[in-house]
Amino acid sequence: MIKIGGNLTATIQKKSTQKNRIGEGEPSYITVGTVVGWLDYVSGDNAISQYRGKVQDTTHIFLCDHDKWTQAVQDAGVTGENSRLVINENPYNVLFIDNPMELNEHMELYLQYV
């Protein structure tokens with residue numbers, strides 16, 4: 001089996017909700033592991049929104065080794081709905097986690113820059 005390395009380290013964080021002093025749920029993130037891989041830009045837009053404000057909407061893909069990803073998130077319950085990656089101090093929401101064709105060779109994480 002080929003091991004996939006990379007040039008960037010991504011910190012994997014899982015969303016958690018903590019109650020504040022008045023009982024409201026405030027989101028926070030707990031680090032569950034790190035993984036090395038590649039970050040690539042897929043598409044994006046930096047247009048003026050309907051409210052006349054600049055909104056950055058970019059999509060990236062992060063590729064990493066399947067075994068390293070599995071070890072990093074083992075028993076953490078990480079999904080696309082409850083996680084993010086922090087790469088070079090920039091947070092990216094995870095939109096989708098894919099194991100292409102279930103080959104267990106590499107993982108593809110589809111991201112949105114926050």
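Just so you know, these numbers come straight off a predicted model, no measurement behind them. (Residues numbered from 1 in each chain as written. Predicted model: local features only at pLDDT ≥ 70, side-chain atom pairs only at ≥ 80, totals over all residues. Heavy atoms only, no water.)

1. Remarks on the overall build of the protein
Then step 1. Summing up its helical and strand segments, the protein has one helix and six strands in all.
Then step 2. Moving toward the C terminus, one meets the helices and strands of the protein in the order β-β-β-α-β-β-β.
Then step 3. By residue count, 30% of the 114 residues in the protein fall in the buried class.
Then step 4. On the protein, roughly 7,500 Å² of surface is accessible, and the fraction owed to carbon and sulfur atoms is 49%. (Helix = DSSP H or I, 4+ residues; strand = E, 2+ residues; numbered from the N terminus. Buried < 20%, exposed > 50% of the residue type's maximum accessible area, 1.4 Å probe, protein only. Areas by Shrake-Rupley, 256 points an atom, 1.4 Å probe, with all protein chains shown as cover.)

2. Observations concerning the nonpolar core
Then step 1. In this structure, Ile 12, Phe 62, Trp 69, Leu 85, Ile 87, Leu 109 and Leu 111 are the most contacted members of the largest nonpolar core, which totals 18 residues.
Then step 2. When neighbours within four sequence positions are excluded, Leu 85 is seen to be in contact with Ala 10, Thr 11, Ile 12, Phe 62, Trp 69, Asn 90, Pro 91, Tyr 92, Val 94, Leu 109 and Leu 111. (Core = buried A, V, L, I, M, F, W, Y, C linked by side-chain atoms within 4.5 Å. Contact = heavy atoms within 4.5 Å.)

3. Quick look at the side chain of Asn 99
Then step 1. Topologically, Asn 99 is positioned in the loop between β5 (90-98) and β6 (106-113).
Then step 2. Classification of Asn 99 by relative accessible area gives buried; the value is 10%.
Then step 3. Beyond its immediate chain neighbours, meaning those up to four positions away, Asn 99 contacts His 66, Asn 104, Glu 105, His 106 and Met 107.

4. A word on the pairing of strand β4 (residues 83-87)
Along any regular strand the residues' side chains alternate between the sheet's two faces.
Then step 1. Burial of β4 is extensive: four of the five residues sit out of reach of the surface.
Then step 2. Bridging between β4 and β5 involves four bridges; their strand directions are antiparallel. Note on β5: the bridge partner recorded for Val 86 is Pro 91.
Then step 3. Between β4 and β5, which pair antiparallel in sequence order, lie two residues; one of them, Asn 88, sits at a positive phi of approximately 50°. (Pairing = 2+ DSSP bridges.)

5. Details of the packing of aromatic side chains
Then step 1. Within this structure, the stated rule accounts for two aromatic pairs.
Then step 2. Relative to Tyr 110, the ring of Phe 96 has its centre 6.2 Å away and its plane inclined at 40°; by these criteria the two rings are tilted. Of the two residues, Phe 96 is situated in strand β5 and Tyr 110 in strand β6; the sequence distance between them amounts to 14 residues.
Then step 3. Accessibility expressed as a relative area gives 28% for Tyr 110, which makes it partly exposed.
Then step 4. The ring centre of Tyr 29 lies 3.9 Å from the NZ or CZ of Arg 84, which sits over that ring. (Phe/Tyr/Trp six-rings, centres within 6.5 Å; stacked < 30°, edge-to-face > 60°. Lys NZ or Arg CZ within 6 Å of the ring centre and 35° of its normal.)

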